[in-house]
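# Architecture at a glance
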Amino acid sequence: MQLTLGNKIEAWAIQALRAAATLPFDLQIEAFNSSAETATERIVVKAEVGEQMEDGQKPFAAQLDVSFHTVNRDADEANDVFAKAEASLVSPATSAYVTANFTWLLVMTEAARTTMETRGNFRVFTRTIPLQVASV
């Protein structure tokens, strides 16, 4: 099965988070699945790929949503999770996967934004990180 660009981005993010993130507490890390609602505290990653950009390198505009689902953690703890997650996404430890799967990957953490919503008993903090990406 051929992975889509979005699937490759999600796989990269999951691998990077599992390999390099020293998260403040034990969290399950998984790709987004709209039908999956579990009762566990976890991180969910979801990639959205937009239009191909018009410059000569032709990367795609994309975004990576890193969502932290929690019942009793606050915004400060969510920000700590996101700081560690972002550090792992720009870490050299992810470079082997990046080299094998992308010809271009720019993670624009300085333009990221955070939102919070309530879903049932969960608070869902989401960090949206803009990307520019081209696949091998």
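Criteria and cut-off values
- Residues numbered from 1 in each chain as written.
- Predicted model: local features only at pLDDT ≥ 70, side-chain atom pairs only at ≥ 80, totals over all residues.
- Heavy atoms only, no water.
- Salt bridge = Lys/Arg side-chain N within 4 Å of Asp/Glu carboxyl O.
- Helix = DSSP H or I, 4+ residues; strand = E, 2+ residues; numbered from the N terminus.
- Buried < 20%, exposed > 50% of the residue type's maximum accessible area, 1.4 Å probe, protein only.
- Phe/Tyr/Trp six-rings, centres within 6.5 Å; stacked < 30°, edge-to-face > 60°.
- Lys NZ or Arg CZ within 6 Å of the ring centre and 35° of its normal.

In total, this model carries seven salt bridges according to the counting rule given. The shortest N-O distance in the salt bridge between Arg42 and Glu30 comes to 3.1 Å. Linking Arg42 in strand S2 (residues 42–52) with Glu30 in strand S1 (residues 28–31), this pair joins segments that are 12 residues apart in sequence. Residue classification places Arg42 among the buried positions, given a relative accessible area of 1%.

All right, on to the packing of aromatic side chains then. Applying the stated criterion across every chain, the model contains two aromatic pairs. Here Tyr97 and Phe102 contribute two aromatic rings whose centre-to-centre distance is 6.4 Å and whose plane-to-plane angle is 65°, an arrangement assigned as edge-to-face. On the basis of relative accessibility, which here comes to 5%, the residue Phe102 falls in the buried class. Lying over the aromatic face of Phe122, Arg42 brings its terminal NZ or CZ to 5.9 Å of the ring centre. Over the ring of Phe32 we find Lys46, and its NZ or CZ is 4.4 Å from the ring centre.

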